[in-house]
Amino acid sequence: MSDFVDAPRPVREGEELDLERLGAHLDEHLDPALGAGDGPVEVEQFPSGYSNLTYLLRKGELEMVLRRPPFGNRVKSAHDMGREHRVLSALQGAYAPAPRPYLLCEDEDVLGAPFYIMERRRGVVLRARVPRGLELPPVLVQRLCESFVDRLVELHCLDADAIGLGDLGRPEGYVERQVHGWMKRYERAQTDSWPEFDQVGAWLASEVATSGDGGAALIHNDYKYDNLLLDPDDLHRIVGVLDWEMCTLGDPRMDLGTTLAYWVEPGDPEPLRNAAFGPTALPGSLDRRQLAERWAAGMERAGGAPALDDLVFFYAFGLYKLGVIVQQIYYRYFKGHTQDPRFAQINQLVGLLGRVGAAAIERGSI
């Protein structure tokens with residue numbers, strides 16, 4: 001299975017790092033106990049992310065991962081390296097899938113933006129297309145889905161105060177702030193007219209007062225297959241959870257809703273299946289309802305399960321939030337801040353997510 005471990009590639013044009021400055025900073029600030037030595041820094045890039053940029057660094061015998069905001073970023077709050085580093089630091093010893101952070105640099109003179117460095121964990125990443133030759137029989141897929149949900153429950157059940165993250169967010173009024181906050185982000189980044197996407201936003205704003213209180217938990221906010229590393233020798237075992245940039249303290253149902261928005265089923269419209277972020281429709285997969293029910297059962301066993309009466313609301317919110325994130329990415333391309341060709345038509349996904357959300361609201365089910 002080692003052939004399927006996520007591997008880096010040459011750095012994309014326009015996203016190169018200043019290796020001389022980076023090497024000097026590592027020589028001065030990296031813990032010598034890590035064994036990096038005094039040699040030069042070699043760099044490759046993990047090419048598949050859409051938000052923060054992720055690089056593989058090699059220095060001597062040590063491999064490390066560097067994360068930095070995208071070039072041309074104008075949304076500082078969405079790419080807070082200090083916050084991500086703090087979260088990973090606090091999760092050490094409390095949440096095994098969280099990689100160990102090594103170093104935070106907030107001096108923009110080094111690479112032009114803050115960045116942090118963490119350990120490299122090796123694992124298989126499942127993206128929209130399963131790699132040729134990787135066998136995922138239905139029994140394994142079901143076990144993976146169950147592990148997927150259980151790891152999310154485990155995160156939601158952590159004691160944020162005990163690990164020093166009790167002040168990471170403001171749980172009171174979280175749902176309402178999120179709805180209106182994402183609507184404002186969309187207004188600032190909008191380039192096209194998608195009437196059904198606007199309808200979903202208006203419906204969320206009208207319904208938010210009835211969404212109830214799901215309590216407070218640490219939430220990942222982008223929990224999906226391609227943010228997980230799977231054990232190459234036991235693919236249902238999750239050995240890494242990545243991309244903690246949006247982690248906060250808030251209503252865990254919002255986290256579930258985001259995950260459901262990524263979860264495409266065999267019966268979904270063909271355009272949505274074609275745009276899937278991960279292979280969630282493989283034989284043996286749980287569907288969205290089963291995913292939510294397993295999450296609720298896990299939360300109940302842990303001592304408190306928020307009601308699932310408003311699943312449509314949280315699913316629709318997840319779709320809306322995902323659409324805004326896509327729109328922000330497209331806006332950077334539209335303004336010429338990035339030339340990544342993957343983003344040239346990504347705005348079409350905003351309209352698709354609006355149609356899917358409007359349909360879920362109309363039928364009253366996820």
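The preceding data block contains the structure.
Predicted model only: the values in this text are computed from it and were never measured.

## Notes on the overall build of the protein chain
Across its full length, the protein chain holds eleven helices and nine strands. In terms of overall dimensions, the protein chain is globule-like: its C-alpha atoms have a radius of gyration of 20 Å, near the 21 Å expected for 366 residues. For the protein chain, with 366 residues in total, the buried portion stands at 54%. Long-range pairs, those at least 24 residues apart, make up 74% of the contacts in the protein chain with a sequence separation of at least 6. Entry remark: accessible area of the protein chain is about 16200 Å², with carbon and sulfur atoms responsible for 47%. Measuring between centres, the 39 positive side-chain charges of the protein chain sit 2 Å from its 56 negative side-chain charges.

## Some details on the packing of aromatic side chains
Tallied over the entire structure, the rule returns 13 aromatic pairs. Residues Tyr95 and Trp244 carry aromatic rings whose centres are separated by 5.8 Å and whose planes lie at 85° to one another, so their mutual orientation is edge-to-face. Within this pair, whereas Tyr95 is found in the loop between α2 (81-91) and β4 (101-105), its partner Trp244 is found in the loop between β8 (234-241) and β9 (248-250), the two being separated by 149 residues in sequence. With a relative accessible area of 1%, Trp244 lands in the buried category. Between Phe148 and Tyr225 the ring centres are 5.3 Å apart and the planes differ by 70°, which places this aromatic pair in the edge-to-face class.

## A word on unusual backbone geometry
Located in the positive-phi region is Asn221, a residue other than glycine, with phi close to 80°. One can find Asn221 in the loop between β6 (217-219) and β7 (228-231). With relative accessibility at 5%, the residue Asn221 sits in the buried group. Phi angles above zero are rare outside glycine, and Asp243 is one such case at about 60°. Checked against the element boundaries, Asp243 lands in the loop between β8 and β9.

## A few points about the pairing of strand β2 (residues 53-59)
Burial of β2 is extensive: six of the seven residues sit out of reach of the surface. In the sheet, strand β1 (residues 41-46) pairs with β2 via six bridges, with the strands oriented antiparallel. Across the sheet, the residue bridging to Val41 is Lys59, located in β2. Between β2 and the antiparallel strand that follows it, strand β3 (residues 62-68), lie two residues; Gly60 among them carries a positive phi value of about 65°.

## Notes on the packing of helix α5 (residues 174-189) against helix α10 (residues 311-334)
Interaxial distance between α5 and α10 falls to 9 Å at its minimum, and their mutual angle equals 30°. By the criterion of interaxial angle, the relationship of α5 to α10 is roughly parallel. Pair α5 / α10 crosses with left-handed handedness. Contacts from Val175, Gln178, Val179, Trp182, Met183, Arg185, Tyr186, Arg188 and Ala189 of α5 reach α10 at Phe313, Phe314, Phe317, Tyr320, Lys321, Val324, Ile325, Gln327, Gln328 and Tyr331. Of the residues belonging to the contact of α5 with α10, the class tally is 13 nonpolar, three polar and three charged.

## Points about the packing of α10 against helix α11 (residues 348-363)
For the pair α10 and α11, the least separation of the axes is 9 Å and the interaxial angle reads 170°. The orientation of α10 with respect to α11, classified from their angle, is roughly antiparallel. Within the contact between the two elements, α10 uses Val312, Tyr315, Ala316, Leu319, Leu322, Gly323, Val326 and Gln327 and α11 uses Leu349, Val350, Leu353, Val356, Gly357, Ala360 and Ile361. In the contact of α10 with α11, the residues fall into twelve nonpolar, three polar and no charged.

## Description of the environment of Leu319
Mapped onto the secondary structure, Leu319 falls in helix α10. In the structure, Leu319 is positioned 37 residues away from Val356 in sequence and 7.9 Å away in space, judged by C-alpha atoms. The residues touching Leu319, leaving out its near neighbours within four places in the chain, are Phe197, Ala261, Leu353, Val356 and Gly357.

Scoring rules and cut-offs
For every chain, the first residue of the written sequence is number 1, and numbering continues from 1 onward in sequence order. Restriction of local features to residues with pLDDT of at least 70 applies here, the model being predicted, together with a cutoff of 80 or more for giving and counting side-chain atom pairs; totals for whole chains, interfaces and linings are based on all residues. Side-chain measures were taken over the full set of non-hydrogen atoms in the model, leaving aside hydrogen atoms and water. Secondary structure elements follow DSSP: runs of H or I of four or more residues count as helices, runs of E of two or more count as strands, with numbering from the N terminus. Here the radius of gyration uses the C-alpha set of atoms, whereas the globule reference equals 2.2 Å times the residue count to the power 0.38. Accessibility here uses a 1.4 Å probe with only protein chains present; expressed as a share of the type maximum, an area under 20% marks a residue as buried, one over 50% as exposed, and anything in between as partly exposed. Contacts between residues were defined by any pair of non-hydrogen atoms, one from each residue, lying within 4.5 Å. Note on areas: Shrake-Rupley with a 1.4 Å probe; residue coverage comes only from the protein chains shown. Here Asp and Glu are counted as negative and Lys and Arg as positive; His is not counted, and neither are the chain ends. Charge placement uses NZ in Lys and CZ in Arg. For Asp and Glu, CG and CD serve respectively. Two rings from Phe, Tyr or Trp (for Trp, the six-membered ring) form a pair when their centres are within 6.5 Å of each other. A pair whose planes differ by under 30 degrees is stacked, one over 60 is edge-to-face, and the rest are tilted. A pair of strands is labelled paired if DSSP reports no fewer than 2 bridges between them. The angle between two axes is taken between their N-to-C directions and runs from 0 to 180 degrees, where each axis is a line fitted to C-alpha atoms and a helix contributes only its stretch in contact. Orientation labels follow simple angle bins: below 35 degrees gives roughly parallel, above 145 gives roughly antiparallel, 65 to 115 gives roughly perpendicular, and whatever is left gives oblique. Take the far helix as the reference: if the near one is turned anticlockwise from it by less than a right angle, the crossing is left-handed, and if turned clockwise, right-handed. Each residue is assigned to one class: nonpolar for Ala, Val, Leu, Ile, Met, Phe, Trp, Tyr, Cys and Pro, charged for Asp, Glu, Lys and Arg, and polar for all the others, Gly among them.

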